[in-house]
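Fold and geometry: a report
The chain contents come next:
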Amino acid sequence: MSDSPSLADRASKGLALASTFLALQLAAQMLIPPPARSEESPVKSDETVLLFPTAAAWDPQAGGWKLPLHVWIFEPERNDLLRNQALRRLQSVLGLVLTEDEWTVFEDRARRFLVDNERGKRLTVLVGGVAARLPATTPAGHATGELLWQPTDGFPGQSARPEVIESAVIAPDGRRFVGRVHLVPPRGISVISDIDDTIKVTHVRDREELLRNTLVRPFAPVPGMADLYRGWAEQGAVFHYVSNSPWQLYEPLAELLDRGGFPAGSVHLRLLRFKDSTLIDFLREGSRAKEGTLLSLLERWPERRFVLVGDSGEQDPEVYGDIARARSGQVLRILIRNTSQEPDSAARYQHAFRDLPRETWQVFEQPQQVAPIDFESVTPRDD
């Protein structure tokens with residue numbers, strides 16, 4: 001009998017992690033009073049700003065780069081006593097018995113959900129020698145915007161490899177919060193990679209392991225995946241990391257990417273808010289929530305070819321198959337890491353990848369099994 005997870009089983013596994021995030025958010029709301037709306041003001045001494053890595057596309061009509069900007073401003077700690085009460089209650093609710101070392105990791109992860117988000121702030125981001133004033137931050141402390149950047153040396157050419165420029169928010173006390181914007185040429189190969197159980201050990205199908213790998217243990221990379229990705233990067237591939245994990249886990253995920261030796265790239269996570277319909281969506285949508293992000297990336301670079309990398313633990317095969325059928329001219333390859341012990345002949349894969357040429361998709365156990373990709377036929381040569 002096939003070990004393939006049913007749709008209901010995959011959904012329930014995905015809900016386990018989402019429910020954990022819900023518990024964290026509920027604890028924050030019950031034990032820590034919500035912040036009042038902030039007036040427009042600079043970054044205060046007790047506030048922190050994160051600038052998330054984004055990817056910019058060249059706009060030939062405007063003659064410049066469209067630089068997406070995304071920031072999050074928050075106060076890390078509001079009340080140690082209340083926070084510790086919330087953490088102990090969460091430990092009890094989740095049924096976790098922790099060692100001293102595990103508690104240290106748990107406290108670091110969980111406190112990211114207990115921060116005081118700063119709403120109503122209008123931050124100025126410096127990027128490419130230009131200052132961009134963002135809209136007021138939302139109740140979740142986030143703000144997004146887009147800047148048209150027209151460098152004096154013009155567009156570096158369609159054969160150019162991707163470049164990175166720095167974005168920054170400077171606080172009155174001199175602190176400098178820095179991010180990265182990746183300049184992605186119109187043509188070439190982009191890799192859209194899932195994170196959990198694709199490049200990060202999570203074990204989504206095992207609730208106990210999922211909780212511990214998310215909240216208790218240091219994040220661990222899937223062996224061999226960084227080597228595979230670096231090989232592609234050396235051939236000019238651009239990377240976009242897409243996950244259902246919430247932005248609260250961005251910093252430990254960024255540390256995993258850096259420490260694990262993965263190529264730098266844009267990161268696309270999900271916004272988890274309390275008292276908001278997105279919380280219901282977060283619990284309900286599962287892997288399908290990533291579909292909109294993937295499609296937006298394909299639409300932003302219509303001339304690029306894409307490699308979609310995911311795993312079989314949830315709905316990556318089904319989502320990627322739908323996208324490939326709708327965008328057959330853009331999807332070069334689909335690669336699925338087999339975490340559900342299903343052969344590639346399983347009915348699930350035959351249905352997920354129906355009508356797609358067999359050579360365009362592969363289910364693999366080890367990264368070394370991934371068939372080589374002909375980058376030369378896709379990536380423009382330097383003149």
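These lines cover the structure that appears in this document, whether it is placed above or below. In this text the structure is predicted, and so the values were computed from the model without any measurement.

Brief notes about the environment of E208
Of note, E208 is situated in helix α4 (residues 207-215). Assessed through its relative accessible area of 34%, E208 is described here as partly exposed. Note: C-alpha distance between E208 and L94 (114 residues apart in sequence) is 9.5 Å.

Observations concerning helix α9 (residues 316-326)
Helical periodicity: at 3.6 residues per turn, an α-helix aligns residues three or four positions apart in one direction. The element α9 is extensively covered by neighbouring structure, given that 8 of its 11 residues are classed as buried. By the burial criterion, the buried members of α9 are D316, P317, E318, V319, Y320, G321, I323 and A324.

Quick look at the pattern of salt bridges
As enumerated under the stated definition, the model contains 20 salt bridges in all. In this structure, the salt-bridge partner of R217 is E209, at a minimum N-O distance of 2.9 Å. R325 is paired through a salt bridge with D322; the nearest N and O atoms lie 2.7 Å apart. In this pair, R325 and D322 are both assigned in helix α9, 3 residues apart and thus about one turn of the helix distant. For R325, a relative accessible area of 24% corresponds to the partly exposed category. Judged by its relative accessible area of 27%, D322 falls in the partly exposed class. Through salt bridges with shared partners, a single ionic network connects D108, R111, R112 and E251.

Examining α4
When α4 is considered as a whole, its buried residues turn out to be L210, L211, R212, N213, T214 and L215. The opening residue of α4 is D206, an N-cap whose side-chain oxygen sits 3.2 Å from the backbone nitrogen of E208.

Description of the environment of W361
Mapped onto the secondary structure, W361 falls in strand β15 (residues 361-364). As a C-alpha pair, W361 and V309 span 52 residues in sequence and 9.9 Å in three-dimensional space. If we skip the residues at most four places from it in the chain, W361 touches R333, I334, D344, Y349, Q350, F353 and L356.

As for the packing of aromatic side chains
A complete count under the given rule lists 12 aromatic pairs for this structure. Ring centres 5.0 Å apart and planes at 85 degrees place the aromatic pair F52 and Y250 in the edge-to-face group. You can see F52 sitting in the loop between β1 (48-51) and β2 (54-59) and its partner Y250 sitting in helix α6 (residues 250-259), a full 198 residues away along the chain. Y250 matches F52 in its accessibility class, with the two residues each being buried. Geometrically, the ring pair formed by Y229 and F239 is tilted, given 5.2 Å between the ring centres and 35 degrees between the ring planes. Separated by 10 residues along the polypeptide, Y229 in helix α5 (residues 225-234) and F239 in strand β11 (residues 238-246) bring together distant segments of the chain. Across this residue pair, the class does not change: Y229 and F239 are buried. Taken together, the ring pairs in this structure connect Y229, W232, F239, Y241 and F262 into an aromatic cluster. Its guanidinium or amino end placed over the ring of W361, R358 lies 3.7 Å from that ring's centre, counting from NZ or CZ.

Some thoughts on the side chain of T214
Turning to its location among the elements, T214 is positioned in helix α4. Under the relative-accessibility criterion, T214 is labelled buried at 3%. Within the structure, T214 has its side chain in polar contact with the backbone oxygen of L210 (distance 2.8 Å).

Looking at unusual backbone geometry
In the Ramachandran plot, D197 falls in the positive-phi region, its phi being about 65 degrees despite a non-glycine side chain. As for its placement among the helices and strands, D197 is situated in the loop between β10 (189-193) and α4. In this structure D197 comes out as buried when scored by relative accessible area, which is 5%. Despite not being glycine, H203 shows a phi value in the positive range, around 60 degrees. Taking the relative accessible area as the measure of exposure, H203 reaches 40% and is therefore partly exposed.

Quick notes on the rules
Residues numbered from 1 in each chain as written. Predicted model: local features only at pLDDT ≥ 70, side-chain atom pairs only at ≥ 80, totals over all residues. Heavy atoms only, no water. Helix = DSSP H or I, 4+ residues; strand = E, 2+ residues; numbered from the N terminus. Buried < 20%, exposed > 50% of the residue type's maximum accessible area, 1.4 Å probe, protein only. Salt bridge = Lys/Arg side-chain N within 4 Å of Asp/Glu carboxyl O. Polar contact = N/O pair within 3.5 Å; in protein donor to acceptor, adjacent residues only side chain to side chain. Contact = heavy atoms within 4.5 Å. Phe/Tyr/Trp six-rings, centres within 6.5 Å; stacked < 30°, edge-to-face > 60°. Lys NZ or Arg CZ within 6 Å of the ring centre and 35° of its normal.

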